[in-house]
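Structural characterization, general
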Amino acid sequence: MSRLSATHLLHRTALATALALAVTAVPVAAQDNAAAPSPALNVDNAALVAAGPAEDVNDPLEPVNRAIFWVNEGLDVVIIRPAAKVYRTVLPTPVQKGVRNVLRNLRSPLDLTNQLLQGDWHGAGDVLRRFTINTTIGLGGLVDVAADHGMPYEYESLDQTLAVWGIPEGPYLVLPLLGPSSVRDATGFVGEYFADPVSNYASNTDQDWITLTRGTLTALDTRAEYIEALDDVKRNSFDYYASMRSLYRQRRDGWIRDGKPDVEQMPDIPDYE
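The following refers to the structure shown. Here the structure is a predicted model, which means the values were calculated and not measured.

On to the pairing of strand β1 (residues 172-175), then. Both faces of β1 are covered, namely the face carrying Tyr-172 and Val-174 and the face carrying Leu-173 and Leu-175. The hairpin formed by β1 and strand β2 (residues 179-182) contains three residues between the paired strands, and Leu-177 there has a positive phi angle of roughly 75°.

Here's what the structure looks like:
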């Protein structure tokens, strides 16, 4: 990252605050800098959703977190969800898919860096191949040609990298505007924002509209995709806050394990010998 002047640093900090308002569109997870993936929420089992928090919720600041959560929820109801519905109504599904593909392609440098920091050389190679194919044949990322050839998108964040390094997540947090997070996740979000080449280019060339547009599109696209899913969670939850906390942690843990099952959660198999 190029060295920023004090003016640029203040400007980018203010821009990060504005970006936070945009990315509040997805209260189910701490946001993934710019172009996060869209893994499906597991809301088919209403009983599971309504069950609320996991046994170890790691939420010592729950009263404060709950207050912030409901403020964020109010913003979502009044501003973000209606805007997402308009976005989905105005843009045809193929256009929405193209926007999502471009946003993921722009995130490739961060995905690549995190794969390398985690020592996942195969994953890093896939990121490079995906970026090359989709940027050229895929018309700048509009078409996910790589996924059609057996290389699906895999989201990698600094939070996942820190987890692989053995750094604990810290207490569960609900951040104003940003939503569900943790100490480790929030640290990763800030680190990625200031390390992102696209954001750096926009800041250093006085084109901050690029970052704002990118963040707003990410928020609208993701929130539009999850309208029914989040409505279903809210409708079937005995404790909406606890359900969202549980879903956030499940999704984050799934990303960290790259979709592999958590052996610690598997039942013990009795030894009959």
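With that out of the way, let us pick up the packing of helix α10 (residues 197-204) against helix α11 (residues 209-225). Running from amino to carboxyl end, α10 crosses α11 at an angle of 140°, the nearest separation of the two axes being 8 Å. Taken together, α10 and α11 sit at an angle that is classed as oblique. When α10 is examined against α11, the residues Val-198, Ser-199, Tyr-201 and Ala-202 are found in contact with a partner set consisting of Ile-210, Thr-211 and Arg-214. For the contact of α10 with α11, the per-class residue count stands at four nonpolar, two polar and one charged.

In this structure, Leu-177 takes a positive phi of about 75° despite not being glycine. Relative accessible area serves as the criterion here: at 22%, Leu-177 is assigned to the partly exposed category. Phi at Asp-206 takes a positive value of approximately 55°, unusual for a residue other than glycine. When you line up the elements, Asp-206 lands in the loop between α10 and α11. Among the residues examined, Asp-206 registers a relative accessible area of 60% and is labelled exposed.

All right, on to the packing of helix α12 (residues 227-236) against helix α13 (residues 240-256) then. Two elements in contact, α12 and α13, have axes whose closest approach is 8 Å; the angle formed by their N-to-C orientations is 130°. Relative to α13, α12 is oriented oblique. Helix-helix and strand crossings are classified by hand; for α12 and α13 the assignment is right-handed. On α13, the residues that touch Leu-230, Val-233 and Lys-234 of α12 are Tyr-240, Ser-243, Met-244 and Leu-247. Class assignment of the residues belonging to the contact of α12 with α13 gives a composition of five nonpolar, one polar and one charged.

Turning our attention to the packing of aromatic side chains. Summed over all chains, the structure comprises eight aromatic pairs. A centroid spacing of 5.9 Å and a plane angle of 55° characterise the contact between Tyr-172 and Tyr-248, whose relative ring orientation is tilted. With Tyr-172 in strand β1 and Tyr-248 in helix α13, the pair connects residues that are 76 residues apart, well separated along the chain. For the pair formed by Tyr-172 and Tyr-248, the shared burial category is buried. Taken together through their ring pairs, the aromatic side chains of Phe-69, Trp-70, Tyr-172, Tyr-240, Tyr-241 and Tyr-248 make up a single cluster.

Conventions we followed
Residues numbered from 1 in each chain as written. Predicted model: local features only at pLDDT ≥ 70, side-chain atom pairs only at ≥ 80, totals over all residues. Heavy atoms only, no water. Buried < 20%, exposed > 50% of the residue type's maximum accessible area, 1.4 Å probe, protein only. Helix = DSSP H or I, 4+ residues; strand = E, 2+ residues; numbered from the N terminus. Pairing = 2+ DSSP bridges. Axes fitted to C-alpha atoms, helices over the stretch in contact; angles between N-to-C directions. Parallel < 35°, antiparallel > 145°, perpendicular 65-115°, else oblique. Contact = heavy atoms within 4.5 Å. Nonpolar A, V, L, I, M, F, W, Y, C, P; charged D, E, K, R; others polar. Left-handed = near helix turned anticlockwise from the far one by under 90°. Phe/Tyr/Trp six-rings, centres within 6.5 Å; stacked < 30°, edge-to-face > 60°.

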